[in-house]
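Here's the letter readout for the chains.
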2 protein chains.
Amino acid sequence: MKQRILSGILMLPAAAFFYFGGKALILGMLAIALIGLYEFYKGWERAGSKPCPWIGYVAAVVLYGLGWFTLDQGLREVDFPQYLAWFFLVMLSSCTVLFRRKDHSLADGVITAFGAFYVVYFSYHVVLTEYYFHSAVWFIVLTAFGTDIFAYFVGVLIGKHKLCPDISPKKTVEGAVGGIFGSLLLCGIFAWIFNPEWLLPALMIGFFGSFFAQLGDLTASIFKRKMGIKDFGNLIPGHGGILDRFDSILFTGPFVYYFMCYYMLITEGTHLVGTV
Amino acid sequence: MKQRILSGILMLPAAAFFYFGGKALILGMLAIALIGLYEFYKGWERAGSKPCPWIGYVAAVVLYGLGWFTLDQGLREVDFPQYLAWFFLVMLSSCTVLFRRKDHSLADGVITAFGAFYVVYFSYHVVLTEYYFHSAVWFIVLTAFGTDIFAYFVGVLIGKHKLCPDISPKKTVEGAVGGIFGSLLLCGIFAWIFNPEWLLPALMIGFFGSFFAQLGDLTASIFKRKMGIKDFGNLIPGHGGILDRFDSILFTGPFVYYFMCYYMLITEGTHLVGTV
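S.K.: Would you mind going over the overall build of chain A with me for this structure?
M.R.: Along chain A, the regular secondary structure elements total ten helices and zero strands. Taken from the N to the C terminus, the helices and strands of chain A come in the order α-α-α-α-α-α-α-α-α-α. Across the 276 residues that make up chain A, the buried fraction comes to 59%. Across chain A, every contact between residues at least 6 apart in sequence was considered, and the portion connecting residues at least 24 apart equals 73%.

S.K.: How do you make sense of the side chain of A:Ser168 when you look at a structure like this?
M.R.: Residue and element names in this part refer to chain A. With respect to the element layout, serine 168 can be found in the loop between helix 7 (137-158) and helix 8 (173-194). A distance of 3.1 Å separates the side chain of serine 168 from the side chain of lysine 171, its partner in a polar contact. Those residues in contact with serine 168, other than ones at most four positions away along the chain, are Leu218 and Ser221.

S.K.: Is there a simple way to explain the environment of B:Leu66 in this structure?
M.R.: All names here are of chain B. Mapped onto the elements, leucine 66 comes out in helix 4 (residues 53-70). Here leucine 66 falls in the partly exposed class, since its relative accessible area comes to 21%. If we ignore the near neighbours within four places in the chain, the residues touching leucine 66 are Leu71, Gln82, Tyr83 and Tyr124.

S.K.: Can you walk me through the pattern of salt bridges in this structure?
M.R.: Pairing between side chains of opposite charge can happen when their charged atoms approach one another. Residues and elements named next belong to chain B. As enumerated under the stated definition, the model contains ten salt bridges over all chains in all. Ionic pairing is found between lysine 42 and glutamate 45, a salt bridge with its closest N-O pair at 3.4 Å. With lysine 42 and glutamate 45 both in helix 3 (residues 22-46) and three residues apart, this pair spans about one turn of that helix. A salt bridge links lysine 224 to aspartate 244, with the shortest nitrogen-to-oxygen separation between them at 2.6 Å. Here lysine 224, found in helix 9 (residues 199-227), pairs with aspartate 244, found in helix 10 (residues 242-268); they are 20 residues apart in sequence, far enough to count as distant. Each member of the pair lysine 224 and aspartate 244 is classed as buried.

S.K.: Would you take a moment to explain the packing of aromatic side chains for this structure?
M.R.: Here the distance between the centres and the angle between the planes together describe a pair of aromatic rings. Residues and elements named next belong to chain A. A complete count under the given rule lists 84 aromatic pairs over all chains for this structure. Centroid distance tyrosine 19 to phenylalanine 20: 5.5 Å. Interplanar angle 75 degrees. Geometry classified as edge-to-face. Residue class for tyrosine 19 comes out exposed when judged on its relative accessible area of 64%. Judged by relative accessible area, phenylalanine 20 falls into the exposed class, the value being 61%.

S.K.: Looking at this structure, I do not really get the side chain of A:Gln82. What am I missing?
M.R.: With respect to the element layout, A:Gln82 can be found in helix 5 (residues 76-97). Not counting residues within four places of it along the chain, the set of residues in contact with A:Gln82 comprises A:Leu66, A:Thr70 and B:Tyr262.

S.K.: Explain helix 9 of chain B here, please?
M.R.: Think of an α-helix as turning once every 3.6 residues; residues three or four places apart then point the same way. Residues and elements named next belong to chain B. For helix 9, spanning 29 residues, the distance from its first C-alpha to its last is 41 Å, which sits close to the expected 42 Å at 1.5 Å a residue. Of all bends in helix 9, the biggest is about 30 degrees, found at glycine 209. In the stretch just after helix 9, glycine 228 is the one whose phi turns positive, near 75 degrees.

S.K.: Would you take a moment to explain the packing of helix 7 (residues 137-158) of chain B against helix 9 of chain B for this structure?
M.R.: A pair of packed helices can be characterised by two numbers: the angle between their axes and the separation between those axes. Residues and elements named next belong to chain B. Relative orientation of the contacting elements helix 7 and helix 9 amounts to 60 degrees, with a least axis distance of 8 Å. For the element pair helix 7 / helix 9, the angle class is oblique. Classified by chirality, the crossing of helix 9 by helix 7 is right-handed. Mapping the contact onto sequence places Phe139, Thr143, Ala144, Thr147 and Asp148 in helix 7 and Ala202, Ile205, Gly206, Gly209, Ser210, Ala213, Gln214 and Asp217 in helix 9. Among the residues making up the contact of helix 7 with helix 9, the classes are represented as five nonpolar, six polar and two charged.

S.K.: What is the right way to look at the confidence of the model for chain A in this model?
M.R.: Should pLDDT be low for a region, the predicted coordinates there are not to be read in detail. Chain-level statistics for chain A give a pLDDT mean of 87 and a share of 89% at 70 or above. Least confident of the elements in chain A is helix 1 (residues 2-10) of chain A, whose mean pLDDT is 62; most confident is helix 8 of chain A, at 95.

S.K.: What is the right way to read the relation of the copies chain B and chain A from this model?
M.R.: The relation between the two copies of this chain is a rotation about an axis and a shift parallel to it. For the pair chain B and chain A, the best superposition has an RMSD of 0.0 Å and corresponds to a rotation of 180 degrees with a translation of 0.0 Å parallel to the axis. One copy is carried onto the other by what is essentially a two-fold rotation axis. In terms of C-alpha distance to the rotation axis, chain B has B:Phe80 as its closest residue, with the C-alpha 2.8 Å off the axis. Mapped onto chain A, 100% of the interface residues of chain B are again interface residues, and the two copies thus contact each other with one and the same surface.

S.K.: Is there a simple way to explain helix 6 (residues 106-133) of chain A in this structure?
M.R.: Residue and element names in this part refer to chain A. End to end, helix 6 covers 40 Å across 28 residues, agreeing with the expected 40 Å (1.5 Å per residue, within 8%). Along helix 6, the helix axis deviates most sharply at phenylalanine 117, where the bend reaches about 25 degrees. Of all 28 residues making up helix 6, 28 are buried, and the element is well covered by its neighbours. Phi turns positive, to about 45 degrees, at histidine 134, one or two residues after helix 6.

S.K.: Help me out: how do you make sense of the nonpolar core in this one?
M.R.: As a rule of thumb, nonpolar side chains are buried together in soluble globular proteins. Ranked by size, the top nonpolar core spans 174 residues in total, and within it A:Phe40, A:Tyr118, A:Phe223, B:Phe40, B:Tyr118 and B:Phe223 carry the most contacts. Apart from residues lying up to four places away in sequence, A:Tyr118 is in contact with A:Phe40, A:Thr219, A:Ala220, A:Phe223, A:Leu250, A:Phe251 and B:Met91.

S.K.: Hey, could you run me through the interface of chain B and chain A in this one?
M.R.: Reports often express the size of an interface as the amount of accessible area lost when the parts come together. Each partner contributes residues to the interface: chain B has 52 residues there, and chain A has 52 residues. Here chain B and chain A share an interface that buries about 5000 Å² over both sides, 82% of which is from carbon and sulfur atoms. There are five residue pairs in polar contact (both at pLDDT 80 or more) connecting chain B and chain A. Secondary structure elements with two or more residues in the side of chain B that touches chain A: helix 5 (76-97), helix 6 (106-133), helix 9 and helix 10 of chain B.

S.K.: Where do I start with unusual backbone geometry in this structure?
M.R.: Glycine aside, the phi torsion of most residues is negative, and most peptide linkages are trans. At A:His134, a residue that is not glycine, the phi angle is positive and equals roughly 45 degrees. By the secondary structure assignment, A:His134 is in the loop between helix 6 and helix 7.

S.K.: Would you mind showing me how to read the environment of A:Gly188 here?
M.R.: Residues and elements named next belong to chain A. By the secondary structure assignment, glycine 188 is in helix 8. Residue class for glycine 188 comes out buried when judged on its relative accessible area of 10%. Each C-alpha atom, one on glycine 188 and one on glycine 28, is 26 Å from the other, the two residues being 160 residues apart in sequence.

S.K.: Where do I start with the state of the cysteines in this structure?
M.R.: Covalent bonding between the sulfur atoms of two cysteines is what defines a disulfide. Within this structure, the stated rule accounts for zero disulfides over all chains. A disulfide-free cysteine, A:Cys52 has its sulfur positioned 13 Å from the sulfur of A:Cys95, the nearest such atom. Overall, the relative accessible area of 15% leaves A:Cys52 in the buried class. The structure places no disulfide on A:Cys164, whose sulfur is separated from the nearest cysteine sulfur, that of B:Cys95, by 15 Å. Given a relative accessible area of 14%, A:Cys164 falls into the buried group.

Cut-off values and rules
- Residues numbered from 1 in each chain as written.
- Chains lettered and ligands numbered in written order.
- Predicted model: local features only at pLDDT ≥ 70, side-chain atom pairs only at ≥ 80, totals over all residues.
- Heavy atoms only, no water.
- Helix = DSSP H or I, 4+ residues; strand = E, 2+ residues; numbered from the N terminus.
- Buried < 20%, exposed > 50% of the residue type's maximum accessible area, 1.4 Å probe, protein only.
- Contact = heavy atoms within 4.5 Å.
- Polar contact = N/O pair within 3.5 Å; in protein donor to acceptor, adjacent residues only side chain to side chain.
- Salt bridge = Lys/Arg side-chain N within 4 Å of Asp/Glu carboxyl O.
- Phe/Tyr/Trp six-rings, centres within 6.5 Å; stacked < 30°, edge-to-face > 60°.
- Expected span 1.5 Å × (residues − 1).
- Bend = angle between axes of the 7 residues up to and from the residue.
- Axes fitted to C-alpha atoms, helices over the stretch in contact; angles between N-to-C directions.
- Parallel < 35°, antiparallel > 145°, perpendicular 65-115°, else oblique.
- Left-handed = near helix turned anticlockwise from the far one by under 90°.
- Nonpolar A, V, L, I, M, F, W, Y, C, P; charged D, E, K, R; others polar.
- pLDDT = per-residue confidence, 0-100.
- Least-squares fit on C-alpha atoms with pLDDT ≥ 70 in both.
- Core = buried A, V, L, I, M, F, W, Y, C linked by side-chain atoms within 4.5 Å.
- Buried area = accessible area lost by both parts, 1.4 Å probe.
- Disulfide = S-S within 2.5 Å.

Written out as structure tokens, the structure is:
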């Protein structure tokens with residue numbers, strides 16, 4: 001418990017990146033993506049696969065680099081095709097892994113691409129959300145950590161019914177419901193203090209975002225279980241690696257971003273000028 | 001040889017889809033994507049994996065459905081975020097494959113997503129190119145088939161030096177160079193007849209596109225070799241399955257689309273109003 005709180009304090013630098021936003025956030029998220037990618041590929045290696053990590057690292061630098069150089073230029077119509085082009089190039093590079101036939105199995109190329117999409121592309125939505133929807137970026141953190149913390153304490157206090165003993169034996173139904181409540185509460189309080197007219201979308205994000213947070217957590221658990229590892233790493237004492245800590249954010253990031261896109265589109269008629 | 005020419009004639013319906021464009025092209029390409037996806041997943045099953053084909057089929061219908069309902073609405077600013085959201089949902093659905101732990105290995109989920117990206121997303125660039133850059137869609141066909149046909153005949157006539165005996169034993173260096181020449185020639189003639197001021201970009205597409213065509217062909221060959229199959233299917237007598245025939249187009253489609261995007265951006269200042 002003491003270690004858990006101590007490690008929580010170690011997460012403050014990440015909060016600083018979110019607070020400053022812009023290029024600080026790009027750098028911070030790039031660092032998280034690179035470490036996460038390292039951990040993810042290491043896990044696959046433990047499971048007997050041989051992805052090509054360098055393709056993932058270069059893909060991360062290129063994607064965050066695109067954000068660095070284009071996002072604040074206001075070239076909005078250029079932003080999206082370049083991300084689609086990035087996808088194509090990642091797929092293409094990953095296919096070239098297969099050309100070294102003797103060293104690699106067919107799955108290695110596929111895993112290389114998947115790692116880049118799962119860790120790099122998912123995490124990049126934090127940057128997209130901050131640039132397009134400004135303070136909505138906090139919903140990504142609040143849904144993820146609100147769910148995580150409340151699920152943990154509610155589960156410890158009153159947890160009785162197992163949620164999915166196969167995948168994550170300690171999780172309980174009570175904890176899961178507590179997580180949804182925590183996410184709702186934090187998002188609601190945040191909107192109530194900083195932007196009262198945003199209370200409705202904030203509560204919607206809090207509710208549905210919690211499902212994505214828990215899905216992200218469970219997905220990472222399955223990966224770890226199948227890879228035969230307990231944690232993705234040991235960067236943060238008591239909290240495992242970067243991926244163990246950011247597994248929920250990988251899923252709440254895209255959820256919040258697309259929710260905001262479509263919410264702005266429906267209420268304002270366009271998602272490109274949205275501000276919260 | 002006779003069978004090869006006969007099968008070429010069977011490809012005429014595909015040419016009709018390209019000629020009519022618009023919604024006919026969407027339907028035609030969707031059919032090709034669905035059959036290709038079926039063949040691709042079948043190949044993986046032969047190699048011992050168990051992807052979840054239905055996720056891929058639904059993903060195909062959703063992506064082409066997005067094209068059907070939004071492309072001719074002129075909602076250009078909506079187009080691209082929806083494709084990014086599609087990516088996220090495909091990744092998410094593929095991760096859920098892992099939740100049925102007892103039936104599926106870790107790679108099965110990854111392969112499910114990869115199939116959707118490789119077959120569905122790549123093939124969809126034909127539709128994107130036709131909607132945004134109109135007759136430039138023919139470059140996708142001309143680079144792919146120009147390369148294929150010229151590489152075949154030049155290889156048969158004067159081929160001596162093996163290109164990559166490990167991957168595709170019959171391919172020769174002479175054939176590869178002949179393929180580049182064929183692609184250049186067809187793209188050049190097409191531009192010269194229909195749009196002379198487009199000769200320079202057409203020749204650039206013809207030259208570089210041929211590399212993508214051959215890379216697509218070789219990538220499909222590696223897949224087949226590793227899966228232990230000769231052809232992806234036997235839909236077209238003498239030409240194998242749909243994927244055997246469209247393997248080059250999967251790579252020349254995205255290449256032509258992004259080439260046109262950036263070419264229009266550099267020459268016209270925007271890629272969203274491009275017409276050829």
